[in-house]
Amino acid sequence: MPETNYPFEITDVEEGTSKMLMKYFTGEMTGFVRVGPKGYFFPQKFRQEAANFYNMAIRPSDIFVTSYPRSGTTWAQELVWMVANDLDYETSNAIPLTERYPFLEFSVCVHPVNMQRFIEENSHDESKLELLRMVTKPGTELLADAPSPRFIKSHLPLSLFPPNILDGKMIYVARDPRDVAVSFYHLNKSMRTQGYTGDFKLFWECFMNDLHHWTPFFEHLKEAWEKRHHPNLLFLFYEELSKDLPGAVRRVADFFGKSYSDLQIEHLCDHLSIDSFKNNNSVNYDVMKELGIMVGNKEFIRKGKAGGWKDYFDEDMTAQAERWIADNLRNSDLRFPHL
Ligand code: A3P
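No experiment lies behind these values; they were computed from the predicted model shown.

1. Structural notes on the overall build of the protein chain
- The secondary structure content of the protein chain amounts to 17 helices and seven strands.
- At 19 Å, the protein chain has a C-alpha radius of gyration in line with the 20 Å of a compact globule built from 339 residues.
- In terms of principal-axis extent, the alpha carbons of the protein chain reach across some 60 × 50 × 45 Å.
- Counting across all 339 residues of the protein chain, residues that qualify as buried make up 57%.
- Residue pairs at least 24 apart in sequence account for 75% of intrachain contacts in the protein chain once pairs closer than 6 positions are excluded.
- Carbon and sulfur atoms provide 50% of the accessible area of the protein chain, an area that totals close to 14800 Å².

What follows is the structure in structure tokens.
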């Protein structure tokens, strides 16, 4: 039954499927749910926060960057933050993106058992504990009293936000699902909140069959695509940023009514390049390593290329992916610029 202040039904994923998934995704220990008519997939903890996301008070000055995970969110966040803040490099370098641009629903992915582990492991260092509290605090609490404008990162699809979400501004980023899956697979292996132990092929199966966080992938994209002409939503593709970053910067600047010189844009593009991102502690999410949430020798900012999926897909998977993409685009005018 829907809760009184929440319009969607939240149902448990069938026990056998949940158990199978928890064998491979060891960061979840209770189970999974599906939300609403599209059946968005989340860890159980989503139940506790669903209504808070749906009922959060939107301010016209809010600036959201949303996406399906691993679509270039971080890249777009820094781009947007810089453009909206008159290219304030000093603050950008001084305050990590995790603080400037909090992740609304990360807390949903932190199972209480893992939370306890992270607290114990960081208990010797009060500053780390403070950081841990900040990144794992429910985003709606963190943002409730935050000064305007609020910069908010989220992977929620539009329908799970308040209906007036576009009273604020939103930049939505989409990416080829094959590159998304490869990138998310690596992140799932290194983030203890996910704790993935399987291989890529199994991960791809889960992703494509809507058995992974924030799926179904295409429904997610289509919800934003349908609003692409809304004056407060800017729809970007990772592949566009890859191909023509200065062009993307200009589009974002137009969206915010800002104007920058060619030289300023060139400088910003250097700042946003994959090489400078990797070495920039303010944006590269090394904080997750510091806190022991991310382990192994993986990086949050990884290859930064479009089309890297080809190294991970055998012939069968390539054909299967093509069919899956074509099936999902058949009744939609959503098109990726590079396909
Ligand atoms: P890869 O794993 O394919 O390299 P998100 O921020 O949504 O989690 O997306 C992460 C993906 O964006 C990763 O893709 C990451 O390397 C890539 N990325 C992050 N910063 C980038 C940049 N400055 N230039 C190009 N790609 C970037």
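Let's pick the thread back up.
2. Some thoughts on the confidence of the model for the protein chain
- Summary statistics for the protein chain give a mean pLDDT of 97 and a share of 99% for residues scoring 70 or more.
- Here helix H16 (residues 286-290) stands out as the least confident element of the protein chain, with mean pLDDT 93; strand S4 (residues 63-67) is the most confident, with 99.
- The ipTM value of the predicted complex is 1.00, and its pTM value is 0.98.

3. Brief notes about the site of the ligand
- In the vicinity of the ligand, 18 residues are found, and the nearest of them are Thr 73, Thr 74, Ser 183, Arg 302 and Gly 304.
- The separation between an oxygen atom of the ligand and a polar main-chain atom of Gly 72 is 3.1 Å.
- In this structure, a nitrogen atom belonging to the ligand sits 2.8 Å away from a side-chain N or O atom of Tyr 238.
- With the chains in place, 98% of the 560 Å² that the ligand exposes on its own is no longer accessible.
- When residues of the shell around the ligand are traced back to their parent elements, those giving at least two are helix H3 (73-84) and helix H15 (274-278).
- Looking at the shell around the ligand, the element that brings in the most residues is H3, giving three residues.
- Across the shell around the ligand, the residue classes break down as seven nonpolar, seven polar and four charged.

4. Thoughts on the nonpolar core
- Core analysis: the largest hydrophobic core is formed by 122 residues, its most contacted members being Tyr 6, Phe 46 and Trp 204.
- Considering every element that reaches this core, the biggest residue donor is H3, with eight residues.
- Once residues within four sequence positions are removed from consideration, Trp 204 is found in contact with Pro 177, Arg 178, Ala 181, Phe 313, Met 317, Gln 320, Ala 321 and Trp 324.

5. Side note on the UniProt feature "domain: Sulfotransferase" (unreviewed entry) in the protein chain
- On the UniProt side, "domain: Sulfotransferase" (unreviewed entry) is annotated at positions that read residues 60-331 here.
- Here residues 60-331 runs as 49% helix and 7% strand, with 33 Å between its end C-alpha atoms.

6. Quick word on unusual backbone geometry
- The omega angle of the peptide bond from Ser 148 to Pro 149 is -5 degrees, so this bond is cis rather than trans.
- With respect to the helices and strands, Pro 149 occurs in the loop between helix H8 (139-144) and strand S5 (151-154).
- In this structure, the amide linkage connecting Thr 215 to the following residue, Pro 216, adopts the cis form with an omega of 5 degrees.
- By the element assignment, Pro 216 lies in the loop between helix H10 (200-208) and helix H11 (217-225).
- The backbone of Arg 70 sits at a positive phi, close to 65 degrees, despite the residue not being glycine.
- By secondary structure assignment, the location of Arg 70 is in the loop between S4 and H3.
- Of the residues examined, Arg 70 reaches a relative accessible area of 12% and is grouped as buried.

7. Let's talk about helix H13 (residues 245-255)
- When H13 is considered as a whole, its buried residues turn out to be Leu 245, Gly 247, Ala 248, Val 249, Val 252, Ala 253 and Phe 255.
- Against H3, strand S6 (169-174), strand S7 (233-237), helix H12 (238-243) and helix H14 (262-271) lie the buried residues of H13.
- The backbone nitrogen of Gly 247 has a side-chain oxygen 2.9 Å away, supplied by the residue at the start of H13, namely Asp 244.
- Where H13 ends, the next residue or the one after it, Gly 257, has phi of about 65 degrees, a positive value.

8. Topic: the side chain of Ser 190
- Within the element layout of this structure, Ser 190 appears in helix H9 (residues 177-190).
- Looking at Ser 190, the relative accessible area reads 1%, which means it is buried.
- Once residues within four sequence positions are removed from consideration, Ser 190 is found in contact with Ile 293, Met 294, Val 295 and Lys 298.

9. Notes on the state of the cysteines
- Under the defined criterion, the tally for this structure stands at zero disulfides.
- Between Cys 109, a free cysteine, and Cys 206, which holds the nearest cysteine sulfur, the sulfur-to-sulfur gap is 15 Å.

10. Examining the sheet that holds S5
- Taking strand neighbours across the sheet as the criterion, the four strands line up as S5-S4-S6-S7 in an open arrangement whose pairing is parallel. Lying at the two open borders of the sheet, with one neighbouring strand each, are S5 and S7. Each strand of the sheet is rotated relative to its neighbour by a mean of 15 degrees, with strand direction disregarded.
- As judged from the five bridges shared by S6 and S7, these two strands associate in the parallel manner. Each bridged residue has a counterpart across the sheet, and for Tyr 172 the counterpart in S7 is Phe 235.
- Of the strands in this sheet, S6 and S7 touch H13, which is tilted by about 175 degrees from S7.

Quick notes on the rules
Residues numbered from 1 in each chain as written. Predicted model: local features only at pLDDT ≥ 70, side-chain atom pairs only at ≥ 80, totals over all residues. Heavy atoms only, no water. Helix = DSSP H or I, 4+ residues; strand = E, 2+ residues; numbered from the N terminus. Rg over C-alpha atoms; globule rule 2.2 N^0.38 Å. Buried < 20%, exposed > 50% of the residue type's maximum accessible area, 1.4 Å probe, protein only. Contact = heavy atoms within 4.5 Å. Areas by Shrake-Rupley, 256 points an atom, 1.4 Å probe, with all protein chains shown as cover. pLDDT = per-residue confidence, 0-100. Near = heavy atom within 4 Å. Polar contact = N/O pair within 3.5 Å; in protein donor to acceptor, adjacent residues only side chain to side chain. Nonpolar A, V, L, I, M, F, W, Y, C, P; charged D, E, K, R; others polar. Core = buried A, V, L, I, M, F, W, Y, C linked by side-chain atoms within 4.5 Å. UniProt positions renumbered as here; feature names shortened; annotations may be inferred. Disulfide = S-S within 2.5 Å. Pairing = 2+ DSSP bridges. Axes fitted to C-alpha atoms, helices over the stretch in contact; angles between N-to-C directions.

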